[in-house]
Amino acid sequence: MDTYQDIRKGERAALLSIVAYIFLTVLKVVIGKIGHSDALLADGLNNMTDVIASLALLIGLRISRIPPDADHAYGHRRTETISSLIASIIMILVAIQVVISAIQTLLTKDYGAPSTLTAIVALFSGFFMYGIYRFNFHLSKKINSQAVRAAALDNRSDAVVSFGAFLGILGAAIGIPWLDPLTALLVGLLIGYTAIKIFYDAAHSLTDGFDVSKLETIHQLIASVEGVKEVRDIKARLNGNRIWIDATIAVSADLNVIESHAITEKIEATIRQEFKDTYTLVHIEPFEESKSPSR
């Protein structure tokens, strides 16, 4: 099954994020400095790293489209997951920087007086990034892309951060000056939380971790195929957005090669009805009543 067209769609999502983040970075950093808002400036620095993360995503998607070759028999799809890992590390570094800066401001009490313009920019950015999130999240479900989903979750975090910055600036404007740096601190913590979640998902996939509940579903699908006497072993892992399944089944010892092969094709078709992007390798063994496990 060829899903390279889906990867092209993922590249469009990355390009959209890059353009959006460059625009917001310039807008927030300039207005944040002019308008004396720590929260908006922190939000702008967050978007600056998002540009780098989105570039990593774009590069990863482009490489993952390269077909299998002599030393990459399974293709290059894992670069998509690697790009998610790189993005999460960049986000963690930014989170640390934002948190340290906010704590220093709270300790020194060197509060600024944010202008009304900074609040308007923060509110606009929140709605703008929420729209980007909705587009990318819908696309990630459509093409089943872990990297695009990670980018969408980052978009959502950015929207929440901007709304939080707006509330912090608003609070500072009505006489609570410490609310602006406090919001910057919360922004940093939220960035860090999202980054750790993306890092875990990417690392889990790269170390061949797989959802146990999905594996059980696949086991049941194989067992339901007519002619399968026993499912003796099953393993699964992710390669980009594709699931690779290795299964060992037992069939009647009386079947010939053609009949046994027909069962493996039924298994592949059954699994793909539930999981679209799969590659299944089935090993067949003879089933003997005397050697079957007791019920």
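Below, the structure is looked at part by part.

Analysis parameters
- Residues numbered from 1 in each chain as written.
- Predicted model: local features only at pLDDT ≥ 70, side-chain atom pairs only at ≥ 80, totals over all residues.
- Heavy atoms only, no water.
- Pairing = 2+ DSSP bridges.
- Helix = DSSP H or I, 4+ residues; strand = E, 2+ residues; numbered from the N terminus.
- Axes fitted to C-alpha atoms, helices over the stretch in contact; angles between N-to-C directions.
- Buried < 20%, exposed > 50% of the residue type's maximum accessible area, 1.4 Å probe, protein only.
- Polar contact = N/O pair within 3.5 Å; in protein donor to acceptor, adjacent residues only side chain to side chain.
- Expected span 1.5 Å × (residues − 1).
- Contact = heavy atoms within 4.5 Å.
- Patch = residues over 30% accessible without salt bridge, like charges linked within 9 Å, V, L, I, M, F, W, Y side chains within 5 Å.
- Areas by Shrake-Rupley, 256 points an atom, 1.4 Å probe, with all protein chains shown as cover.
- Salt bridge = Lys/Arg side-chain N within 4 Å of Asp/Glu carboxyl O.
- Phe/Tyr/Trp six-rings, centres within 6.5 Å; stacked < 30°, edge-to-face > 60°.
- 1 Å grid on protein atoms, 1.4 Å probe; cavity = no way out; pocket = protein on both sides within 12 Å on 5 of 7 lines; lining within 4 Å.
- Points joined across faces, edges and corners; volume = space filled by probe spheres on them.
- Nonpolar A, V, L, I, M, F, W, Y, C, P; charged D, E, K, R; others polar.

### Let's talk about the sheet that holds strand β1 (residues 230–239)
Pairing within the open sheet is mixed, and its three strands lie in the order β1-β2-β3. A single partner strand is all that each edge strand has here, and the edge strands are β1 and β3 (278–287). Within the sheet, the average angular offset between the axes of one strand and its neighbour, ignoring direction, is 15°. Two elements, β1 and strand β2 (residues 242–252), share nine bridges in a ladder whose sense is antiparallel.

### A look at the side chain of E230
For E230, the location among the structural elements is in strand β1. A relative accessible area of 17% places E230 in the buried class. Polar side-chain contacts of E230 include one of 3.4 Å to the side chain of R232.

### A word on unusual backbone geometry
Backbone geometry follows two general trends: most residues other than glycine have a negative phi, and most peptide bonds adopt the trans configuration. Of note, the phi angle at H36 is positive, near 60°, even though the residue is not glycine. Assignment of secondary structure puts H36 in the loop between α1 (4–34) and α2 (38–64). Judged by its relative accessible area of 52%, H36 falls in the exposed class. One non-glycine residue, D208, lies in positive phi territory at about 65°. Relative to the elements of secondary structure, D208 occurs in the loop between α6 (179–206) and α7 (212–223).

### Let's talk about helix α3 (residues 78–108)
In an α-helix, one turn spans 3.6 residues; hence positions three or four apart end up facing the same way. In this model, α3 (31 residues) spans 46 Å end to end at C-alpha, consistent with the 45 Å of a helix rising 1.5 Å per residue. Looking one or two places after α3, you find K109, whose phi comes out positive at around 60°.

### Let's talk about the environment of I103
Locating I103 in the fold gives a position in helix α3. For the pair I103 and R78, spaced 25 residues apart in sequence, the C-alpha to C-alpha distance is 38 Å.

### With respect to the environment of I191
By the element assignment, I191 lies in helix α6. Overall, the relative accessible area of 2% leaves I191 in the buried class. In the structure, I191 is positioned 96 residues away from A95 in sequence and 5.5 Å away in space, judged by C-alpha atoms. Those residues in contact with I191 that lie beyond four places of it in its chain are N46, M91 and A95.

### Details of a nonpolar patch on the surface
Together, I89, L93, I96, I100 and F199 give the surface a local cluster of nonpolar side chains, amounting to about 450 Å² of exposed area. If one sorts the elements of the nonpolar patch by residue count, α3 sits on top with four residues. Counting through the fold element by element, I89 comes out in helix α3.

### Focus: the packing of aromatic side chains
As enumerated under the stated definition, the model contains seven aromatic pairs in all. Centroid distance F23 to F124: 6.3 Å. Interplanar angle 90°. Geometry classified as edge-to-face. Within this pair, whereas F23 is found in helix α1, its partner F124 is found in helix α4 (residues 116–143), the two being separated by 101 residues in sequence. Taking relative accessible area as the criterion, F124 reaches 37% and is therefore assigned partly exposed. Chaining the aromatic ring pairs together yields one cluster made of F23, F124 and F128.

### Structural notes on empty space enclosed by the protein
The final tally for this structure, using the stated rule, is two cavities of 30 Å³ or more. Looking at the largest cavity, it is lined by 15 residues, and the ones nearest its centre are A53, A87, A150, A151 and D154. When residues of the lining of the largest cavity are assigned to their parent elements, the largest contribution, five residues, is made by helix α5 (residues 146–173).

### Let's talk about the environment of V282
Among the structural elements, V282 can be located in strand β3. Along the backbone, V282 and I245 are 37 residues apart, and their C-alpha atoms lie at a distance of 8.2 Å. Ignoring sequence-local partners within four residues, the contact set of V282 consists of A247, I249, T264 and I267.

### Remarks on the layout of surface pockets
Its volume calculated, the second largest pocket comes out at about 150 Å³. Lining the second largest pocket, in full, are D38, L41, A42, L45, Q97, V98, S101, A102, T105 and A184. Considering each element in turn, the lining of the second largest pocket owes the most residues, five residues, to α3. When the residues that make up the lining of the second largest pocket are grouped by side-chain class, the tally is six nonpolar, three polar and one charged.

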